[in-house]
Amino acid sequence: MAPSSSPLRTTTSEADEKYANVKWEELGFALTPIDYMYVAKCKQGESFSQGKIVPYGDISISPCSPILNYGQGLFEGLKAYRTEDDRIRIFRPDQNALRMQTGAVRLCMTPPSLEHFVEAVKQTVLANKKWVPPPGKGTLYIRPLLLGSGVTLGVAPAPEYTFLIYASPVGDYHKVSSGLNLKVDHKSHRAHSGGTGGVKSCTNYSPVVKSLLEAKSAGFSDVLFLDAATGRNIEELTACNIFIVKGNIVSTPPTSGTILPGVTRKSISELARDIGYQVEERDVSVDELLEAEEVFCTGTAVVVKAVETVTFHDKKVKYRTGEAALSTKLHSMLTNIQMGVVEDKKGWMVDIDRCQG
């Protein structure tokens, strides 16, 4: 069932206000509280009812809920963009909806339908449109949550679920201008076969924080994890996918259960093929990584970001970056579509000038 129309009430001055009072040039990747969020609930075995837009703020949840006790929760991340002709657009929200559904199956949760998800995202952005940064000043990062919010003491699916969406204007995830400096973690692992590494479970992220903090304290930008089975193949960073380039071949680890199927990853693979590169989804060894000509990362938050160096044990390798790098071209191709600079021939962008009733 589609969400209900937004019951917003604004004064004339509020309605005429195009932008929120934000110093857009100072945006980083941190929360700037916005005005409204979206909330819907459903019982186990039923479908989500109509949700509603409510003022952004804290939520009430039982201390006996599975999200707090057992980590029964999923989240998504996508962005809204303001174009030069003042349209507001969302990038491939259907893909996030489908990924949430896949995760819900894995965690025995009830997800919103694809249509409900997309309309709820549109409604959230519409309610907070003055928080969408001016063109070139950032984006509105949108965070949908699916939470096991009902009460159950034993290990079991929640009797009730909450679908919530909030948002925040953001700037760059990484402030470095040239490229990332990665450390390969050969001791800790992000995921293992049969686990939840292939879905966007809330439980996937806090275990990587220790490795990330240690790496950052040593001057690195992020951590690259290896597969738990062999310790020889690269998987992904703390929150983004990775690609290597050698000659005309672009390679990225396969989404075989331990790696998140990133929406940006999927899109960049398609764009690389469009300009004549051979894209391979396969196991990529650390040795291949160290011999690559170029390395880059993709994700909703990072977009497309070049890797300048990788350090594995005592070996440090430097890669191609800058205008000659494929990542630079792919970043431009993707953001030009997202920002409406070029025609969206792929049908990836969703305008949010209206919602269904």
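See the structure above.
Residues numbered from 1 in each chain as written. Predicted model: local features only at pLDDT ≥ 70, side-chain atom pairs only at ≥ 80, totals over all residues. Heavy atoms only, no water.

*Asks:* Explain the overall build of the protein to me, please; I cannot follow it from the model alone.
*Replies:* Each helix and strand counted, the protein has eight helices and 17 strands in total. Its C-alpha atoms give the protein a radius of gyration of 21 Å, within 12% of the compact-globule value 21 Å for 357 residues. Sorting the 357 residues of the protein into buried and exposed places 54% on the buried side. For the protein, the proportion of contacts with a sequence separation of at least 24, taken over those separated by at least 6, is 73%. Accessible surface for the protein amounts to roughly 16200 Å². Of this, 50% is attributable to carbon and sulfur atoms. Once the 40 positive and 40 negative side-chain charges of the protein are each reduced to a mean point, those two points are 2 Å apart. (Helix = DSSP H or I, 4+ residues; strand = E, 2+ residues; numbered from the N terminus. Rg over C-alpha atoms; globule rule 2.2 N^0.38 Å. Buried < 20%, exposed > 50% of the residue type's maximum accessible area, 1.4 Å probe, protein only. Contact = heavy atoms within 4.5 Å. Areas by Shrake-Rupley, 256 points an atom, 1.4 Å probe, with all protein chains shown as cover. Lys, Arg positive; Asp, Glu negative; His and termini not counted. Charge placed at Lys NZ, Arg CZ, Asp CG, Glu CD.)

*Asks:* Is there a simple way to explain the pattern of salt bridges in this structure?
*Replies:* Where charged atoms from two side chains of opposite charge come close, those side chains can pair. Applying the stated rule across the entire model yields 19 salt bridges. Of the charged contacts, one joins Lys346 and Glu270 as a salt bridge, the two residues approaching to 2.9 Å between their closest N and O atoms. Of the two residues, Lys346 sits in the loop between α8 (326-338) and β17 (349-351) while Glu270 sits in helix α6 (residues 263-274), which places them 76 residues apart along the sequence. A network of salt bridges, in which partner residues are shared, links Lys18, Arg82 and Asp86. (Salt bridge = Lys/Arg side-chain N within 4 Å of Asp/Glu carboxyl O.)

*Asks:* I'm lost on the packing of α6 against α8 in this one. Help?
*Replies:* In a pair of packed helices, the angle between the axes and the distance between the axes together describe the arrangement. Where α6 contacts α8, the two axes come as close as 10 Å, and the packing angle between them is 110°. In terms of their interaxial angle, α6 and α8 are classed as roughly perpendicular. When you trace α6 past α8, the crossing you get is right-handed. Judged by residue contacts, Thr264, Ser267, Ile268, Leu271 and Ala272 of α6 engage Leu330, Met333, Leu334 and Ile337 from α8. A per-class count over the contact of α6 with α8 returns seven nonpolar, two polar and no charged. (Axes fitted to C-alpha atoms, helices over the stretch in contact; angles between N-to-C directions. Parallel < 35°, antiparallel > 145°, perpendicular 65-115°, else oblique. Left-handed = near helix turned anticlockwise from the far one by under 90°. Nonpolar A, V, L, I, M, F, W, Y, C, P; charged D, E, K, R; others polar.)

*Asks:* Help me understand the pairing of strand β4 (residues 78-82) in this model?
*Replies:* Two faces make up the sheet, and in a regular strand the side chains alternate between them. Here β4 lies mainly inside the structure; five of its five residues are buried. Residues Leu78, Ala80 and Arg82 of β4 are buried on one face, and the alternating residues Lys79 and Tyr81, pointing to the opposite face, are buried as well. In the sheet, β4 pairs with strand β6 (residues 139-148) via three bridges, with the strands oriented antiparallel. Across the sheet, the residue bridging to Leu78 is Ile142, located in β6. Pairing between β4 and strand β5 (residues 88-91): three bridges, direction antiparallel. Bridged to Arg82 within β5 is Ile88. The hairpin turn running from β4 into β5, its antiparallel successor, is five residues long, and Asp86 in that turn takes a positive phi close to 70°. (Pairing = 2+ DSSP bridges.)

*Asks:* When you look at the nonpolar core in this model, what are you seeing that I'm missing?
*Replies:* Considering soluble globular proteins, one finds that nonpolar side chains tend to be buried as a cluster. By size, the foremost hydrophobic cluster in this structure holds 37 residues, and its most contacted members are Ile90, Val121, Val125, Ile142, Leu146 and Phe163. Going through the elements one at a time, β1 (36-43), β4, β5, α3 (93-106), α4 (114-127), β6 and β7 (160-170) are the ones with two or more residues in this core. Among the elements that line this core, the one with the most residues is α4, at six residues. Residues in contact with Val125, not counting those within four places in the same chain, are Ala80, Ile88, Ile90, Val132, Leu140, Ile142 and Ile352. Counting 23 residues, the second-largest nonpolar core is a separate cluster that includes Leu182, Ile244, Val286 and Val295. (Core = buried A, V, L, I, M, F, W, Y, C linked by side-chain atoms within 4.5 Å.)

*Asks:* Please clarify how the environment of Thr83 should be interpreted in this entry.
*Replies:* Here Thr83 shows up in the loop between β4 and β5. By relative accessible area, which is 1% here, Thr83 ends up buried. C-alpha separation for the pair Thr83 and His313, spaced 230 residues apart in sequence, amounts to 45 Å. Apart from residues no more than four positions distant in its own chain, Thr83 is found in contact with Arg89, Pro135, Met339 and Gly340.

*Asks:* Explain the state of the cysteines to me, please; I cannot follow it from the model alone.
*Replies:* A covalent bond between the sulfur atoms of two cysteines is what we call a disulfide. Considering all chains together, one arrives at zero disulfides under this definition. Unpaired in this structure, Cys42 has its nearest cysteine sulfur neighbour in Cys108, at a distance of 14 Å. Judged by relative accessible area, Cys42 falls into the buried class, the value being 5%. Of all cysteine sulfurs in the structure, the one in Cys108 sits closest to Cys202, which takes part in no disulfide; the separation is 15 Å. In this structure Cys202 comes out as partly exposed when scored by relative accessible area, which is 26%. (Disulfide = S-S within 2.5 Å.)

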